[in-house]
Amino acid sequence: MKFLGTLWRIVVGIKDLLVLALLAVFFIALSAALSSGRVARVPDGGALVVALNGAIVDQAGESSPFDAASGNLPAEVQARDLVRAIDAAAADNRIKALVLELDGFMGAGQANIDAVVAALERFRKSGKPIHAWATAYTDDSWLLAAPATRIWANPLGGVILTGPGGSNLYFARALDKLNIDVNVFRVGTYKSFVEPYTRASASPEAKAADQALVNSLWQSWLGEARRLRPRADIPAYIAQLPQRLGRFGGDGARAAQDAGLVDQLGSRDDFDAAMVKLVGDDDLADWGHYAGVSLEDYLNAIAGQQARDGDAVGVVYVTGNIVDGEAPRGTAGSATIRAALEEALEKNDDIKALVVRVDSGGGSVTASEEIRAALLAARADGLPVVASFGPVAASGGYWVGTAADEIYAQPSTITGSIGVFAILPSFPRALNEIGINADGVKATPYSGEPDVVAGLSPEVRQVLQLGVEDIYRRFLGVVSTARKLPVAEVDRIAQGRVWAGTEAKTLKLVDKFGTLDAAIAAAAAKAGIKGRPRVIDIEKPVPEWLKALQSFDRAETGEQARDPWARLMQASRLRLAMAVADMGRMASGRSATMQAACVECAVAGSPRQASATQAETWLARLIGAQ
């Protein structure tokens, strides 16, 4: 009977697999049939409707066919697509205005927000208005809305601004109670990634460094806010929030309007009526009754406007955790990136320069070096290489960036974290507690090592620590050579410490401030390209099946928080899930042993919704249970 039960489960599993596969094929075929003759319509005099349902990222993640078939698609918008659409709309006579629909916006790294804000300012300089609407605003959504001609808020909403920072989880006491040993090998006074496993709270050194980081990021955020909305005194608003709310009987929307954070209060219907008056009416669309074109349709409409020949700059994307081997989009698989780069250079003689775009807190040392080596090989063939640092370029991300002739970053870019560590869990105490003991024979002190059952031998501990110290010395050497700094000076500013872009530029870890477009222009100039260069994205392409499913599901965003406190809770859960995913990956042994990674970088990095979804372990579910 047991055999028959097992056989039945296998048959059911095969049946479910076939059903999902058939569904995926059906959707791909149907999408191709529907889209083959479909041309996106851009109404004359309408609005470009940018409905940000999800996060802004450098590179959208990739789901498995089974996740996609079940509707579990990460809602992400690529910053480059957003900037390209806004810039095109500024010069498009058919587009009369731009609408930012931010109710479903899940946040972005500040460097990407700055790039989109710059595009919105260029749009306004063309003489066209921007209207932003959301039920409630938090830090990311408000800063993104700040360039708007008018910021609208629902009378039941408001604005809650908090600044960067938050809590981390520390597992040392729990691991001790479970009799789990965490063997840590590290170099760097501030390499705090390992502290959640070894301490019950942050060390004074790590806490001081993290506080300096969030202070710098907050000052950068406030500087942008003052420039965009000089009437809004953010520090005073935060300091006096209870009193301001009390003045209006707890009405957060009126308090925000009084402080100059929003311009107009109105319901969705009020906003819709105002937009109809501005751009005219149209058939009922996803966004309302006013004439417009969605971001997705507009990108399709302008796709043919891009130059198809001429000298080009290739942009290599290093996004998310850096891992060895192949990896899906949104994760920086070293073999995937190397193969994409080699293929692009082989097929495109027009590529005269490269930009490596980094939005990563690092990961595997060997994977980081493989990507760096591929970029150095391109430099050796005569191609200038410029690095563009996005929201995060730390640890292994910074290692990759050292391949460049020049490094561009943003004041809010999190960078540095030059340090190395290794983590190996072992379970002799836990097994002994339940009556299981380990014993055996060895030909050498290293036979069967690292032994997670009996524990690591003294010789292995020594070898691992020496290995970490060696990798750290190599890291210092790589940075010293690339940045033309003495090794002792690199060591002083390294030690695993994380810096905001403002301090990183002073310390000569980066050269200039500028967006991805600035880095592309610099690479083109180094290659002697005249005029605006053609841009070729060098990355793993989006699978056709995923494009097909996204075309059906793009209007479905799932349950989204609307009031400000619920939005903050949602963001907090996302950060927590990302941290749990990082720590679980380290402790599982699935990652490389030698790591150059930065956990504190999540404080202002790009939200990784796909990773966070996969991290819904028992811990994430326990804390965020519904």
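Because the structure is predicted, anything quoted here is derived from the model rather than measured.

Conventions and cut-offs
- Residues numbered from 1 in each chain as written.
- Predicted model: local features only at pLDDT ≥ 70, side-chain atom pairs only at ≥ 80, totals over all residues.
- Heavy atoms only, no water.
- Helix = DSSP H or I, 4+ residues; strand = E, 2+ residues; numbered from the N terminus.
- Buried < 20%, exposed > 50% of the residue type's maximum accessible area, 1.4 Å probe, protein only.
- Contact = heavy atoms within 4.5 Å.
- Areas by Shrake-Rupley, 256 points an atom, 1.4 Å probe, with all protein chains shown as cover.
- Pairing = 2+ DSSP bridges.
- Axes fitted to C-alpha atoms, helices over the stretch in contact; angles between N-to-C directions.
- Salt bridge = Lys/Arg side-chain N within 4 Å of Asp/Glu carboxyl O.
- Parallel < 35°, antiparallel > 145°, perpendicular 65-115°, else oblique.
- Left-handed = near helix turned anticlockwise from the far one by under 90°.
- Nonpolar A, V, L, I, M, F, W, Y, C, P; charged D, E, K, R; others polar.
- Core = buried A, V, L, I, M, F, W, Y, C linked by side-chain atoms within 4.5 Å.

(A) Layout of the overall build of the chain. Of the regular secondary structure elements, the chain holds 25 helices and 23 strands. A total of 626 residues make up the chain; the buried ones form 52% of that total. Across the chain, every contact between residues at least 6 apart in sequence was considered, and the portion connecting residues at least 24 apart equals 77%. Put simply, the chain shows about 28,000 Å² of open surface, and 55% of that area lies on carbon and sulfur atoms.

(B) Broad picture of the sheet that holds strand 7 (residues 150-159). Ordered in space as 9-7-6-4-1-10, the six strands form an open sheet in which the pairing is parallel. Where the open sheet ends on each side, the last strands, each with one partner, are strand 9 (264-265) and strand 10 (292-294). Taken together, the four bridges between strand 4 (residues 95-101) and strand 6 (residues 130-137) define a ladder with parallel strand orientation. Bridge pairing links Leu-100 to Ala-132 in strand 6. Most of the contacts of helix 4 (residues 110-125) go to strand 4, to which it runs at about 150°, and overall it touches strand 4 and strand 6. Along the sheet face, helix 12 (residues 268-279) touches strand 1 (46-51), strand 4, strand 6 and strand 7 and points at about 165° away from the line of strand 4.

(C) Structural detail: the pattern of salt bridges. Within this structure, the stated rule accounts for 27 salt bridges. When the shortest N-O distance is used, the salt bridge between Asp-537 and Arg-80 registers 3.1 Å. In this pair, Asp-537 sits in strand 22 (residues 534-538) while Arg-80 sits in helix 3 (residues 79-91), placing the two residues 457 residues apart along the sequence. Look at Asp-537 and you get partly exposed, because its relative accessible area is 37%. Salt bridges sharing common partners tie together Arg-80, Arg-329, Asp-537 and Glu-539.

(D) Highlighting the packing of helix 14 (residues 334-347) against helix 15 (residues 365-380). Between helix 14 and helix 15, the shortest axis-to-axis distance is 8 Å and the interhelical angle comes to 15°. Taken together, helix 14 and helix 15 sit at an angle that is classed as roughly parallel. As for how helix 14 packs across helix 15, the hand of that crossing is left-handed. Residue-level inspection shows Ser-334, Ala-335, Ile-337, Arg-338, Leu-341 and Leu-345 of helix 14 in contact with helix 15, the latter providing Ala-367, Glu-370, Ile-371, Ala-374, Leu-375 and Ala-378. Looking at the contact of helix 14 with helix 15 residue by residue, the classes come out as nine nonpolar, one polar and two charged.

(E) Highlighting the pairing of strand 19 (residues 420-426). For strand 19, a buried count of seven out of seven residues is recorded, marking the element as mostly surrounded by other parts of the structure. Residues Val-420, Ala-422, Leu-424 and Ser-426 of strand 19 are buried on one face, and the alternating residues Phe-421, Ile-423 and Pro-425, pointing to the opposite face, are buried as well. Here seven bridges tie strand 8 (residues 181-187) to strand 19, and the two strands are oriented antiparallel to one another. Bridging from a neighbouring strand, Val-187 pairs with Val-420 of strand 19.

(F) Just the nonpolar core, in detail. In terms of nonpolar packing, the biggest core is built from 59 residues, with Val-318, Leu-354, Leu-375, Phe-389, Leu-509 and Ile-538 touching the most fellow members. Ranked by residues supplied to this core, first place goes to helix 18 (residues 458-483) with eight residues. Residues in contact with Leu-509, not counting those within four places in the same chain, are Tyr-398, Ile-407, Gly-416, Ile-418, Val-479, Arg-483, Ile-493, Trp-499 and Ala-504.

Function cannot be inferred from these measures alone, as they are strictly geometric.
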